[in-house]
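Listed below, chain by chain, are the residues.
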Amino acid sequence: MVSLNAVLLVSFGLFSIGIAGVLIRRNALIILMCVELMLNAANLNFIAFARHSGSVSGQAFALLVMGFAAAEVAVGLALVVALYRKRDTVQVDDINLLKG
Amino acid sequence: MEHLLETIGRNMFAIFGVMALGSAAFMVASRSAVHSVLGFLFAMLCIAGCFLSLEAEFLGMAQILVYAGGIVVLFLFVVMLVEMSKKKEKEVFQAQSRYAVVAVLFGAAAFMGVFRKVIFGTASVEALVLRPELAQGLNVAKQNAQAVSRGLFADYLLPFEILSVILLVALVGAVVLAKTERV
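Before going into details, it helps to say that this report is about the structure given with it.

Scoring rules and cut-offs
Residues numbered from 1 in each chain as written. Chains lettered and ligands numbered in written order. Predicted model: local features only at pLDDT ≥ 70, side-chain atom pairs only at ≥ 80, totals over all residues. Heavy atoms only, no water. Helix = DSSP H or I, 4+ residues; strand = E, 2+ residues; numbered from the N terminus. Buried < 20%, exposed > 50% of the residue type's maximum accessible area, 1.4 Å probe, protein only. Areas by Shrake-Rupley, 256 points an atom, 1.4 Å probe, with all protein chains shown as cover. Expected span 1.5 Å × (residues − 1). Arc of directions from axis to C-beta. Polar contact = N/O pair within 3.5 Å; in protein donor to acceptor, adjacent residues only side chain to side chain. Contact = heavy atoms within 4.5 Å. Buried area = accessible area lost by both parts, 1.4 Å probe. Salt bridge = Lys/Arg side-chain N within 4 Å of Asp/Glu carboxyl O. Nonpolar A, V, L, I, M, F, W, Y, C, P; charged D, E, K, R; others polar.

1. Here we look at the overall build of chain B
When helices and strands are tallied, chain B shows nine helices and zero strands. Going residue by residue from the N terminus, the α and β elements of chain B occur as α-α-α-α-α-α-α-α-α. For chain B, the residues scored as buried account for 31% of the 183 residues in total. Just so you have it, chain B exposes about 11,600 Å², and 71% of that area is on carbon and sulfur atoms.

Shown next, in the form of structure tokens:
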């Protein structure tokens, strides 16, 4: 039997790695992947607490989060492609039009 | 041999969790974007394994289908489209990475300090059993997919329908954003 604490620790680690990746990487694609990783960490918590409380609400919501993540990836990748067409780069440092 | 198999079966979640953490770290640290996507794919598969070992079979399969089947392929296509440019990127990490890592570690330590009792407490996860008032005479908890569909189509029908509208909007928005100007 898996203990709740192990699940929480794994999801905590995944979220931390995701947030570190968002902060330190320059490539917009990898930043998007790190956001996906953070959503998955949240999903893991949803499922763990669904089992802990004996109701399926958590699993249903994890499925909804998965759908939202798919929509987010579609729009995000379209934005990256449009950005690449306009500015010829996907490095977030080079996209500083609003810097003033 | 049987003893070893039994131990592996009991610690399936820990094995998949450690592999997911390792491949996520590889994803963040690797210099090539294609390697990052492969690390992302492996992390998603390991998280699906975590879902399966938590007895959320339907979600594990949905994770494999949606992420490994759809999103990773989409990422790979965009990497091929975008990364093949002439000028190579000089720097992979941000200049202020060191401070960012320190900040994340500090946040992690603060989180651990606050939720120490919850995380290292003694609570354990039981198998998914529907409460009787949720099951309502139907024998739904026998199958995970049945239980999830009961939650999705009975209790959370409105969020589910809103999700379908959001997916439609995202579809149209992605097409509009990515199409070329001349048409």
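Anyway, onward from the coordinates.
2. A closer look at helix H9 (residues 157–178) of chain B
Residue and element names in this part refer to chain B. The end-to-end C-alpha distance of H9, which contains 22 residues, comes to 32 Å, matching closely the 32 Å that a straight helix rising 1.5 Å per residue would cover. Residues of H9 that are buried include every one of Leu-163, Ala-170 and Ala-174, and no others. Buried positions in H9, seen along its axis, are confined to an arc of 30 degrees and lie on one side of it. Turned more than 90 degrees away from the buried face of H9, the exposed residues are Leu-158, Leu-168, Val-169, Val-175 and Val-176.

3. Here we look at helix H3 (residues 33–53) of chain B
All names here are of chain B. Compared with an ideal rise of 1.5 Å per residue, which puts 21 residues at 30 Å, H3 spans 30 Å between its outermost C-alpha atoms and is within 8% of the ideal. Backbone nitrogen of Val-34 and a side-chain oxygen of the N-cap are separated by 3.2 Å at the start of H3; the cap is Ser-32. Among the residues trailing H3, Glu-55 stands out with phi positive, at a value near 65 degrees.

4. Structural notes on the interface of chain B and chain A
Contacts between the two partners involve 85 residues from chain B, matched on the other side by 72 residues from chain A. With both sides pooled, the region where chain B packs onto chain A buries about 7,000 Å², and carbon together with sulfur makes up 74% of that total. Across the contact surface, chain B and chain A share zero salt bridges. Along the contact surface separating chain B from chain A lie seven residue pairs in polar contact (both at pLDDT 80 or more). Take the side of chain B that touches chain A: its biggest share by element is 13 residues, from helix H4 (residues 57–83) of chain B. Residue classes in the side of chain B that touches chain A are distributed as 61 nonpolar, 14 polar and ten charged.

5. Topic: the pattern of salt bridges
Residue and element names in this part refer to chain A. Counted by the stated rule, this structure contains one salt bridge over all chains. Here Asp-93 makes a salt bridge to Arg-26, at a shortest N to O gap of 2.7 Å. Taken together, the residues span a long stretch of sequence, with Asp-93 in the segment after helix H3 (57–87) and Arg-26 in the loop between helix H1 (4–24) and helix H2 (28–53) at a distance of 67 residues. Here Asp-93 falls in the partly exposed class, since its relative accessible area comes to 29%. A residue is classified by how much of its surface remains accessible, and Arg-26, at 15% relative accessible area, is buried.

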